[in-house]
Amino acid sequence: MTFETLSTNRSHGGTQGVYQHASSSTGTGMTFSVFVPDHAPGAKLPVIWYLSGLTCTHANVTEKGEFRAACAELGLIFVAPDTSPRGDGVADDAEAAYDFGLGAGFYVNATQAPFATHYRMRDYVEHELPALIAAEFPVDMSRQGIMGHSMGGHGALTIALRNPGQFKSVSAFAPIVSPMNCPWGHKALSGYLGDDQSVWEDYDACALIRRGARLDDLLVDQGEADNFLGEQLKPELLEAACQTAGQKLTLRRQSGYDHSYYFISTFMADHLRWHRARLG
């Protein structure tokens, strides 16, 4: 559980750090970032987990997410893990495609060779990294929120739905709401988990809601100019699943916004205030 500090920088009355450790879940080194606002000695702060999308590392949101000022104001620790295992010997897509393999772990525990050896991002995000953060940073683990973008939005939704009561707040930017019903998801879930689609349901927010999983509340922002909207993201499927199940959902369709960090950074502070109001 020991880790190495790669860098620290003062920002907005807090400390932005980047760290690396040897993961027992993935069998690789894993890099993550943590922003800690200044706080009173001995204080424990609520924590927001941010899961990134396809092709990303921890660095995308750390450098472009514009979260630090709001986190400092609200007293929130912000943790951003990587999206997949990396390093020598880690399997990748045979054609190095962006939507599978390195940078595209889909927050699953893979069962299919050769990916099962290292692609255990579900265990890493649900168990190993939280234990490390709890041991090394001033977090109040009774006040956790989770959010994510695109593939990371899928990760945030499914992790929260599978772990009822752990997260007091959940939100997403342009999430893949139903991997079972889009090309990205079919490629990833079949490649990592095999062809038995009943196994895929553990990693599909709409399927989990239909099976009875519930959240206290849910906020989703979706850009209407997102070029992945119709084929990959399909927010209407989440809207329908929530309506049928009586699951509370605020789905905001934002005119003119695309899939980029220009979109995410515009609404980041709004999401963080929404989380803070629910974290007590």
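Please refer to the structure higher up on the page.
Residues numbered from 1 in each chain as written. Predicted model: local features only at pLDDT ≥ 70, side-chain atom pairs only at ≥ 80, totals over all residues. Heavy atoms only, no water.

Section: the overall build of the protein chain
Using the following cut-off: By definition, any uninterrupted DSSP run of H or I lasting at least four residues is a helix, any uninterrupted run of E lasting at least two residues is a strand, and each is numbered from the N terminus. Between the two quantities, the radius of gyration covers C-alpha atoms and the globule rule is 2.2 Å times the number of residues to the power 0.38. Classification of residues uses two cut-offs on accessible area relative to the type maximum, computed with a 1.4 Å probe and protein chains only: under 20% is buried, over 50% is exposed, and between them is partly exposed. For this analysis, residues touch if any pair of their heavy atoms sits within 4.5 Å. For accessible areas, the Shrake-Rupley method is used with a probe of radius 1.4 Å. Any residue's cover is judged against the shown protein chains and nothing else. When charges are counted, neither His nor the chain ends are considered; positive counts come from Lys and Arg and negative counts from Asp and Glu. Charge coordinates come from a single atom per side chain, which is NZ of Lys, CZ of Arg, CG of Asp or CD of Glu.
When helices and strands are tallied, the protein chain shows 10 helices and nine strands. Its C-alpha radius of gyration of 17 Å places the protein chain within 12% of the 19 Å reference for a compact globule of 280 residues. With the principal axes as the frame, the protein chain shows a C-alpha extent of 50 × 45 × 35 Å. For the protein chain, with 280 residues in total, the buried portion stands at 59%. A separation of at least 24 residues holds for 72% of the contacts in the protein chain among residues at least 6 apart in sequence. For the protein chain, the accessible surface area stands at approximately 10,800 Å², while carbon and sulfur atoms represent 48% of it. The average position of the 21 basic charges and that of the 31 acidic charges among the side chains of the protein chain differ by 8 Å.

Considerations on helix H3 (residues 121–136)
Counted only if it meets this: Two axes define the bend at a residue: one fitted to the seven residues ending there, one fitted to the seven starting there, and the bend is the angle between them.
The largest bend in H3 comes to about 35°, at glutamate 128, with the proline proline 130 one to four residues further on. Within the span of H3, buried status applies to Met121, Arg122, Tyr124, Val125, Glu126, Glu128, Leu129, Pro130, Leu132 and Ile133.

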